[in-house]
Structure formats: structure tokens, C-alpha cells
Amino acid sequence: AGVSRAGPPAMVGSVSSESISHQEVHFLAEDEHLDIVPNFSLQGLHLLGGTYGPFRPQMRTSVPLWLAMLLKKQGKCSVVPPRWLDAATLRSVIEAERAEDVFQGLPHHYIEIATDLCKHAREDLEDWNELYDLVDTIRSVRHNKIQAGLRGLDENALKGVKLNNLSAMEVSVIRPFMCNALDSFLEGTAGAE
């Protein structure tokens with residue numbers, strides 16, 4: 001009698017509900033690039049993730065968010081806020097989010113970038129407190145829109161659900177619910193066969 005080396009039977013139609021944590025999403029966001037204005041000189045910084053620089057005083061250069069925050073904490077640069085992190089732009093995004101069913105196009109990691117800049121680069125932002133509140137309002141309006149959309153799902157949702165322009169953090173929040181709902185649906189259809 002041969003010994004079977006096969007593992008447990010594969011769950012046909014199961015969806016992984018493992019979700020990445022908010023901290024992991026934030027970690028991934030740290031690779032997003034933004035501009036800084038260094039106050040030091042260095043030909044280049046050669047790291048495992050790439051080469052950054054050259055760094056020249058008062059000359060803009062693009063670096064990942066993690067490096068910008070490190071240099072900022074050390075007092076070696078000022079951060080150039082991204083164009084979208086502006087009070088007028090954020091107010092117009094809020095208006096559009098409230099008026100339209102579709103999600104407005106924002107950077108994939110807008111929440112994490114804004115949070116880090118409002119925490120660690122306040123002096124480089126014009127009225128960081130207002131910017132933080134506006135980004136939080138956008139996040140809240142979009143979250144309510146997501147919840148309303150999920151409550152409105154019916155049998156037509158089997159054809160597909162469009163969730164264009166969601167940020168990484170928003171996907172992270174709804175992923176467990178969507179996976180559990182899909183698993184329940186798949187269990188129901190498997191039992192009907």
C-alpha cells in the first residue's frame with residue numbers, strides 16, 4: 001500500500017481573505033516618490049533600492065517618501081508638497097466626490113502620503129492642519145460612498161463591480177468584506193449544484 005503524499009484537498013472556489021494591515025499598506029506607500037529641496041551636497045546615495053541624488057543645496061530632486069522623511073527628520077531638506085496636496089484642490093475633490101457616483105482620481109497612496117507630510121513636514125505645508133482635515137474629509141466621504149455602494153449590491157453585481165480609483169488603504173479596508181462575501185456566494189452556488 002502506497003502512502004499518499006497529497007495534501008489536504010484544495011478548496012475549489014475559495015477566496016483568500018488574508019488582508020494586509022494598515023501598517024503594511026503604509027510601508028508600501030513609502031516607495032512613492034516626491035520632491036525635496038536638500039540643504040546639503042552629495043553626489044549620490046547608493047542603496048539597495050536604487051541610487052538617489054545628486055543632492056545640491058536649493059536644487060529639487062526626487063526621492064522615495066521614506067528617504068524624504070528621514071532627511072526631513074535630520075533637518076537636511078525641505079519637502080515640496082505634491083500638487084494635489086493643496087487646500088483648493090482638495091476642496092474641489094470633496095465637492096466632486098459628494099456630487100458624483102465615481103471616485104475621483106487621487107494618488108494610490110494619498111492617505112499615507114498626506115499623513116506622513118502632515119506629521120513630519122508640517123513647516124513645509126501651507127496650513128497643515130486644514131490639509132489634514134480636508135484629506136480626512138475625502139477619506140470619510142469616499143468610505144461612505146463605498147459603504148452605500150456595497151449595501152446596494154444585488155444579483156446584477158454578479159456581472160462585476162467597478163471600483164475604479166480606490167486608494168490602497170481603501171482597498172485594504174474593504175478587501176476582507178469582499179472576500180468573505182465572495183466565499184459565501186461561492187459556498188451557496190457550490191451547494192446548489
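Refer to the structure above for everything that follows.
All values reported here derive from a predicted model rather than from experimental measurement.

Further remarks concern the environment of L90. Of note, L90 is situated in helix α3 (residues 87-99). Along the sequence, L90 and T137 sit 47 residues apart, while their C-alpha atoms lie 9.3 Å from each other. Here L90 is in contact with W84, L85, L131, L134, V135 and I138, once residues within four sequence places are set aside.

The next point concerns helix α5 (residues 128-151). Look at α5: 34 Å from first C-alpha to last across 24 residues, which is about the 34 Å you get at 1.5 Å a residue. Three or more residues of α5 are buried, namely L131, L134, V135, I138, V141, R142, K145, I146 and L150.

Within the fold, E97 resides in helix α3. Accessibility expressed as a relative area gives 2% for E97, which makes it buried. Polar contacts involving the side chain of E97 include one to the side chain of K145, which spans 2.7 Å.

In terms of nonpolar packing, the biggest core is built from 35 residues, with L34, I36, F55, L85, L90 and L117 touching the most fellow members. Secondary-structure elements contributing two or more residues to this core are β1 (33-38), α2 (65-73), β5 (77-79), α3, α4 (110-120), α5 and α6 (168-192). Broken down by element, the residue count for this core peaks at six residues, all from α4. When residues no more than four places from it in sequence are discounted, the contact partners of F55 are I36, P38, F40, S41, L42, Q43, L45, T61, V63, L67 and L71. Of all hydrophobic cores here, the second largest spans five residues; its members include F103, I146, L150 and I174.

All right, on to the packing of aromatic side chains then. Under the criterion given, the structure shown has two aromatic pairs. Measuring from ring centre to ring centre gives 6.4 Å for Y52 and W66, while their planes differ by 85°; the resulting arrangement is edge-to-face. One end of the pair, Y52, is in strand β3 (residues 50-52); the other, W66, is in helix α2, with 14 residues separating them in the sequence. Its relative accessible area of 9% is what places Y52 among the buried residues.

Time to look at the packing of α4 against α5. Axis separation between α4 and α5 bottoms out at 10 Å; the angle between their running directions is 160°. With respect to α5, the axis of α4 lies roughly antiparallel. Relative to α5, α4 is oriented so that their crossing is left-handed. Between α4, through Y110, I111, A114 and C118, and α5, the contact on the second element is made entirely by W128, Y132, V135, I138, R139 and R142. For the contact of α4 with α5, the per-class residue count stands at eight nonpolar, no polar and two charged.

What counts, and where the lines are drawn
Residues numbered from 1 in each chain as written. Predicted model: local features only at pLDDT ≥ 70, side-chain atom pairs only at ≥ 80, totals over all residues. Heavy atoms only, no water. Helix = DSSP H or I, 4+ residues; strand = E, 2+ residues; numbered from the N terminus. Contact = heavy atoms within 4.5 Å. Expected span 1.5 Å × (residues − 1). Buried < 20%, exposed > 50% of the residue type's maximum accessible area, 1.4 Å probe, protein only. Polar contact = N/O pair within 3.5 Å; in protein donor to acceptor, adjacent residues only side chain to side chain. Core = buried A, V, L, I, M, F, W, Y, C linked by side-chain atoms within 4.5 Å. Phe/Tyr/Trp six-rings, centres within 6.5 Å; stacked < 30°, edge-to-face > 60°. Axes fitted to C-alpha atoms, helices over the stretch in contact; angles between N-to-C directions. Parallel < 35°, antiparallel > 145°, perpendicular 65-115°, else oblique. Left-handed = near helix turned anticlockwise from the far one by under 90°. Nonpolar A, V, L, I, M, F, W, Y, C, P; charged D, E, K, R; others polar.

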